Protein chains: 2
Amino acid sequence: MMHDHALSGESGPWAWPIGFRACTGHGGLREHGDDISIVASERPATSAAMFTRSLFAGPAVVLSRAHAAGQNLRAVTTLAQNANVATGRQGEENAAEVVRRVAGVLGVPENEVLIGSTGVIGRPLPMGTIRAHFDGTAERGLAAFTAGPQDVARAMMTTDTRPKTAVRTVGHARIVGVAKGVGMLEPNMATMLAYVFTDAALSPTDLDRALRGAVNRTFNCLSVDTDTSTSDTVAVIANGAAGPVDPARFSEALDDLCLDLTQQLARDGEGATKLLRVTVGQAGDYSQAKRIAKSVVNSPLVKTAVHGADPNWGRVVMAIGKNTDDTDIAPGDVTVRFGDIEVYPDEPEADTLGKLVGIMSQDEVDIVITLGLGEAEATVYGCDLSAGYIRINADYTT
Amino acid sequence: MMHDHALSGESGPWAWPIGFRACTGHGGLREHGDDISIVASERPATSAAMFTRSLFAGPAVVLSRAHAAGQNLRAVTTLAQNANVATGRQGEENAAEVVRRVAGVLGVPENEVLIGSTGVIGRPLPMGTIRAHFDGTAERGLAAFTAGPQDVARAMMTTDTRPKTAVRTVGHARIVGVAKGVGMLEPNMATMLAYVFTDAALSPTDLDRALRGAVNRTFNCLSVDTDTSTSDTVAVIANGAAGPVDPARFSEALDDLCLDLTQQLARDGEGATKLLRVTVGQAGDYSQAKRIAKSVVNSPLVKTAVHGADPNWGRVVMAIGKNTDDTDIAPGDVTVRFGDIEVYPDEPEADTLGKLVGIMSQDEVDIVITLGLGEAEATVYGCDLSAGYIRINADYTT
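Cut-offs used in this document
Residues numbered from 1 in each chain as written. Chains lettered and ligands numbered in written order. Predicted model: local features only at pLDDT ≥ 70, side-chain atom pairs only at ≥ 80, totals over all residues. Heavy atoms only, no water. Helix = DSSP H or I, 4+ residues; strand = E, 2+ residues; numbered from the N terminus. Expected span 1.5 Å × (residues − 1). Buried < 20%, exposed > 50% of the residue type's maximum accessible area, 1.4 Å probe, protein only. Arc of directions from axis to C-beta. Pairing = 2+ DSSP bridges. Axes fitted to C-alpha atoms, helices over the stretch in contact; angles between N-to-C directions. Contact = heavy atoms within 4.5 Å. Salt bridge = Lys/Arg side-chain N within 4 Å of Asp/Glu carboxyl O.

Q: What is the right way to look at helix H3 (residues 127-140) of chain A in this model?
A: Owing to its 3.6 residues per turn, the α-helix aligns residues three or four sequence positions apart on the same side. All names here are of chain A. Between the first and last C-alpha of H3 there are 20 Å, a value that for 14 residues agrees with the 20 Å anticipated at 1.5 Å per step. Turning to H3, its buried residues number three or more, namely Met127, Ile130, His133, Phe134 and Thr137. For H3, the angular spread of buried residues about the axis comes to 120 degrees, placing them on one side. Facing away from the buried side of H3 by more than 90 degrees, the exposed set consists of Gly128, Glu139 and Arg140.

Q: What's the story with the sheet that holds strand S3 (residues 46-51) of chain A in this structure? I'm lost.
A: Pairing between the strands of a sheet is mediated by backbone hydrogen bonds and can be parallel or antiparallel. Residue and element names in this part refer to chain A. Across the sheet, which stays open at both edges, the five strands sit in the order S3-S9-S8-S7-S6 with mixed pairing between neighbours. Looking at strand neighbours, the two that pair on one side only are S3 and strand S6 (164-170), the edges of this open sheet. With strand direction ignored, the average angle separating the axes of adjacent strands in the sheet is 10 degrees. As paired strands, S3 and strand S9 (residues 233-238) are joined by six bridges and run antiparallel to one another. By the bridge assignment, Ala48 is partnered in S9 with Val236. Here helix H1 (residues 59-68) sits on the sheet and contacts S3 and S9; the angle it forms with S3, its principal contact strand, is near 145 degrees. The strands touched by helix H6 (residues 247-267) within the sheet are S6, strand S7 (173-180) and strand S8 (193-198), with S6 carrying the most contacts at an inclination of about 165 degrees.

Q: Is there a simple way to think about the pattern of salt bridges in this case?
A: Opposite charge on two side chains allows them to pair when their charged atoms are near. Residue and element names in this part refer to chain B. In total, this model carries 36 salt bridges over all chains according to the counting rule given. Among the salt bridges present, the one from Arg162 reaches Asp268, with a minimum N-O distance of 4.0 Å. In this pair, Arg162 sits in the loop between helix H4 (149-156) and strand S6 (164-170) while Asp268 sits in the loop between helix H6 (247-267) and strand S10 (275-283), placing the two residues 106 residues apart along the sequence. Using a relative accessible area of 38% as the deciding quantity, one classes Arg162 as partly exposed. The salt bridge involving Arg291 is made with Asp326; its shortest N-O contact spans 2.7 Å.

Q: Would you take a moment to explain the sheet that holds strand S3 (residues 46-51) of chain B for this structure?
A: Residue and element names in this part refer to chain B. One open sheet accounts for five strands, arranged S3-S9-S8-S7-S6; its pairing is mixed. Strands with a single pairing partner mark the edges of an open sheet, and in this sheet they are S3 and S6. Pairs of neighbouring strands in the sheet enclose a mean axial angle of 15 degrees, with direction left out of account. Sheet analysis places S6 next to strand S7 (residues 173-180), joined by seven bridges and oriented antiparallel. The residue bridging Thr169 from the neighbouring strand is Arg174, located in S7. The strands touched by helix H1 (residues 59-68) within the sheet are S3 and strand S9 (233-244), with S3 carrying the most contacts at an inclination of about 145 degrees. Across the sheet, helix H5 (residues 204-217) lies against S3 and S9, angled at about 30 degrees from S3, the strand it touches most.

Structural data, given as structure tokens:
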């Protein structure tokens, strides 16, 4: 492993935590710009990771899942634009070769490297240009590792319109997250790659518990179009350089950071012009609250109404009602609000219609539902559905 | 009940079966054109019906479900443009009054009348103009009952772009169906009203069995946007005027007629430019075949790819893979075809790409999947997702 403390531990919001460094470069995956990134810890680390449940998980996920089992990942590499999924045995060999080359560049064991791949399915990786990139990186050595979190987040983008990063502190430690993802964000994490790096010292057990809790409350409450990616990966790497922290406080900070990234992902959903936040309260249990909230946030008719700034609460009621197995929900006990204005069952006065349209026209729209059943509550995050989604996805070819 | 045989039993494909007649008129539900219809049998009849499972089923559904229990419905009335859902006690009273007036016009018991209502949720029915319409109809009596199936189907339309009717014969009997529906067509029938009238004589048991079978194989295999309506209703009324028929042959003819209507509904999905047909074969059982087919037909990424005539089989594989509970599906045993060209696992030669784009550019696109697990097969029907869907639904206000 390389050592050059001058390059790590930079101060400022966009620097990595102590002991991490990164490099980005162009590997021919897209026409212009950086499309391959590596983020690595100089010292051994503790890790936790979660992956897509897709039946067609790609070789990057299969390989990374095996490596993550050791709970000692210390590096993450990402290839943008190409998911390397459904690419057969050659795809598996290519993923393994990328990991081997990254491990070689860093001087770490292969099984401490996680690989993420995102983009088109079913097209082989352009190994010629990828190899050239890694040859160049190996030659430049440390000098190549000057990228900050924004550079890495940018190199991970596919149809994202902006890089997504977030930073939090807990005691003396810092936590930095980078993420990408725009479509297929549901359920169970979806096409999202999110990596979190921290210099806090945590046991594998505490780190794993913190990550599972955070993912359940944040990324798994995110839904852009109900499609689930073959490549989703969320990982956290803790190298301990800043010393131990209180696990409970770390967990809170990680939740908060992941929620920040989740809202950035929702807001940048393909074609999205608004962040849509749906909160369901007074549910029988948390899973019911989340299920009902998701059916509202995912309803194409609700999403288009939000896009059109139309306070069409009838569609919200419809979307609640389609959960036909939730027979404990009594229509008479349900309430629906847009922002702070109740629209069901007490329809607003005619003179509040202008105010309602105003609420629906903001770039963050809140729909708040109570079921009158219990005390559980969940919030999910999504976006409106616009002609931009169609444009992006009808033109994005294999 | 009125009697005027001169008006019933017309010949030709667009006439009603013997003993049925219909009237349409303008009741102020939309700005121009007919928006209320009645179809009725002159003689007592046998009936079967199925309704939405939505938790927020409207009063029309509640009332009709009670009436349908008698299995002797003989008339159907439909109000277009307004679902009369989530309209409180007044909504219930209005639905009951409409039924009472229709029963009065026809001279039949109220509990032999089915009422369907479709359109905006949460807005009271305009009872003033509706009453005026029924007063006029009562005054004109028989003279008002001159509408054919196309007239009725047109009076039922909301954002439908064309009326939907179908006709089949079985023995000496005829079967005529009318339907409306464009969005919210999933799951379990969705905003669809479909009524079937026949002069065949069938027992309530045979009729019920035939309807349930047909709905399961046709309307319940239809999916436009995953939203489920509060108003779905499918009913069949058999008045026996043409005498008995073989129940098995009737069942076949009903299946065929419902499939015809289903494809018309799919093709007229909001903003649809293409009919999308997804067949899943070699499934472990029928419900698995249907579940996988639905996740493909509903995937926004598949729908937009079909819209863009993009043979993006990676998205089909993704949509299969998101059924994370179907762990018996092995990616290596799955095949995917567009039309008759296999695209997975054997990727087509480069020189067939033009042919593939040709297949994707037709106004009917078939995606055929085999799972390699068993012998069950299901076909589901949907449509592409276009900017037109957004336009229609972002502008369709409460």
